[in-house]
Amino acid sequence: MHHRIRVILKPREEDRLVRGHPWVYDNEIARVLGSPVAGDSVALESARGRFLGSALWSPRSKIRARRYTDEPRSFEEHLPDALERALALRATEFDRDRESFRVAFGEADALPGLIVDRFVGETPDGSRGVWLSVQILAAGMAAHKDAVVERLVAALSPDGIMERSEAPVLAFEGLESTVGALAGSVPPSVTILENGLRFEVDLASGQKTGWFLDQARNRAAAARYAKDARVLDAFCNQGGFGLACAAAGASSVLAVDSSAPALAAVAANAARNGLADRVATRAANAFDLLRELERSDERYGLIILDPPAFAKNKASVKGALRGYKDINLRAMKLLEPGGRLVTCSCSSWVDRDTFMSTVADAAADARRRFRVLEERPAAPDHPALLGYPESRYLKCAILQAL
Ligand code: SAH
C-alpha cells in the first residue's frame, strides 16, 4: 500500500528516526503533501527522499507523528499484527504465575499512545474473569479507538474493558480525559494475584490503570532482602513492595503514602493476605516523614523509595533531581549498617546515568558508602526499544550500606 499523505522532514532531521526513535516533532517537518487529520497513516520521508516508515498523525501535538512500522502499511492493516506480536512476546516471557500483565506498551509495542493492562482475578461478588484497563494518550491512536476495542475483544475475550485515559499529556494532544467502560461490564475492583499475594485493583479510580505492573519483578527482588528486617515502604501506593516484604518475613513494615485511598487499599490488602499484624500505614508527605523519622532515631534494614515521576517534562528535570537527591539522602541516613535501599525513578526525562549520579550525590552528603547489589528495569511486559530511551523509563537500583 502507498500512503496518500507524505510528511517530508527538514534536512538532517532523520537521524533519530534512523536510530529507532519513533517520534517526529512539529519543528522537524519541512512539508506535508496532503491534508492529514488525526489518526491518518502518513509516510515519513527524509529531505533526500528516503522512506522512514509509516506514522500516525496527531495534528495538535508537538509530537506530530508517531511511527508504528518501517513498512509502507496503513494502521488498519498493522493493528492486528502488532497486537498479535505483543501477545507473542508476553507468551514467551510469562508463566501462569503472572496472569495479569501489560498487553501493550505504546511505541515499544508498535502501538503508539496505547497502553493496555490485563487483570485476571475475582470481583467483590466472587466471580472470576479477565478485564482490560486501557489508556489512549495520543490523538493519532484515539481516532482508532473503535478498531482497537474490536481487536482487543477478538484477541483477548475480556469480560469488560475500562478506559482510563486521564493524564496531563492529553491536553497537549487536544484530547479530553475519558473514563468509562468501553466494552462488556467492568466491576469496581478485581483482586489479582502477584508473586503469590492477592491485591485488589480499583479499575475505576485507582492510579493510572489501577495497578503498577511494571514493578512486579522488582517487588519480588526487594522482598529477597526483607527477612527479619524493619521495612519502610515510601510512596507505597497500594503496598506492592511492602506486602511482598511482609510475606517474605519482614519483622515490620511501615507503608507511607500521601493518598488516603491508597493506604486504605494497603490495609485491606494486608488483611487479605494475613499480614495485617506486621503492616502499619501512615498518611504523610514522604519528604517530611523521612526527616521526622531521622530526628526520632528510627532505623530500618530495608527502605523502598518508589516516588511518582518527579520530572514531567524537560523544564522540570532540575527540580526533579533535587527531589530525588533529598529523599535518597534522608533514606540513606535512616538505614542500619548493612541495610538495603531500593531506589526507583520512573521519570523518562531522567536517564539512568543521571539518576545514579544523583543517588551517588546523596550518598556523599549522607557520608555513607554503598554497594550496588542490583540494577533492574521494568518487568518485561514493559518492553524497551534501543534508540528510544523514553521506553527505558524505570530505573530500580538496590544498594547496600557498607
Ligand atoms: N510503590 C508503588 C507505586 C508508587 S506510585 C507500587 O509498588 O505500586 C507513587 C505513589 O506516591 C502514589 O501512590 C502517590 O500517591 C504517592 N505520592 C506522591 N507524592 C507523594 C508524597 N509527597 N509523599 C508521599 N506519597 C506521595
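Numbering of residues starts from 1 in every chain and runs along the sequence as written. It should be noted that, the model being predicted, local features are given only for residues of pLDDT at least 70 and side-chain atom pairs only at 80 or more, the latter also being counted only at that level, while totals for whole chains, interfaces and linings use all residues. The basis for the side-chain values is all heavy atoms of the structure; hydrogens and waters are excluded.

A.B. asks: Honestly, unusual backbone geometry in this entry has me stumped. Any pointers?
C.D. replies: Generally, phi is negative for residues other than glycine and the peptide bonds are trans, each holding for most cases. The phi torsion at A110 lies on the positive side, around 60°, for a residue other than glycine. Secondary structure elements are taken from DSSP: a helix is a run of H or I of four residues or more, a strand is a run of E of two residues or more, and numbering for both begins at the N terminus. Here A110 lies in the loop between β7 (101-105) and β8 (114-122). Phi angles above zero are rare outside glycine, and N237 is one such case at about 45°.

A.B. asks: So what exactly am I meant to see when it comes to the site of the ligand here?
C.D. replies: Around the ligand lies a shell of 15 residues, among which R219, N237, D257, A286 and D306 are the nearest. Any N or O atom pair separated by 3.5 Å or less is treated as a polar contact, with the protein-specific requirement of one donor-capable and one acceptor-capable atom, and with residues adjacent in sequence counted only for side-chain atom pairs. Taking Q207, its side chain carries an N or O atom lying 3.1 Å from an oxygen atom of the ligand. The contact in question runs from a nitrogen atom of the ligand to an N or O atom on the backbone of F235, over 3.0 Å. The Shrake-Rupley method, run with a 1.4 Å probe sphere, supplies the accessible areas, and residue values consider only the shown protein chains as cover. Considered on its own, the ligand offers 580 Å² of accessible surface; in the complex 88% of this is hidden by protein. When the residues that make up the shell around the ligand are grouped by side-chain class, the tally is 7 nonpolar, 5 polar and 3 charged. Residues are labelled near a given molecule or strand when at least one of their non-hydrogen atoms is within 4 Å of it. Three classes are used: nonpolar for Ala, Val, Leu, Ile, Met, Phe, Trp, Tyr, Cys and Pro, charged for Asp, Glu, Lys and Arg, and polar for all others, with Gly counted as polar.

A.B. asks: How do you make sense of the domain arrangement of the protein chain when you look at a structure like this?
C.D. replies: How big an interface is tends to be expressed through the accessible area that disappears when the partners come together. Domain parsing of the protein chain yields domain 1 (6-69), domain 2 (75-191) and domain 3 (212-401). Segmentation of the chain into domains, including their bounds, is taken from an automatic or database domain assignment. On a C-alpha basis, the centroid separation for the pair domain 1 and domain 3 is 38 Å. The contact definition used throughout considers only heavy atoms, calling two residues in contact when any of these lie within 4.5 Å. Counting residues at the interface gives 5 residues for domain 1 and 6 residues for domain 3. Note on domain 1 versus domain 3: buried area summed over both sides is about 400 Å², and carbon and sulfur give 55% of it. Taken as a group, H21, P22 and W23 account for 67% of the area that domain 1 buries against domain 3, more than any other trio of residues on that side. Salt bridges are defined by distance alone: a side-chain nitrogen of Lys or Arg within 4 Å of a carboxyl oxygen of Asp or Glu. At the surface where domain 1 touches domain 3, the tally comes to 0 salt bridges. Taken together, the links from domain 1 to domain 3 amount to 2 residue pairs in polar contact (both at pLDDT 80 or more). Looking at side-chain class alone, the side of domain 1 that touches domain 3 contains 2 nonpolar, 2 polar and 1 charged residues. Two parts lose some accessible area (1.4 Å probe) when they are put together, and adding that loss for both gives the buried area.

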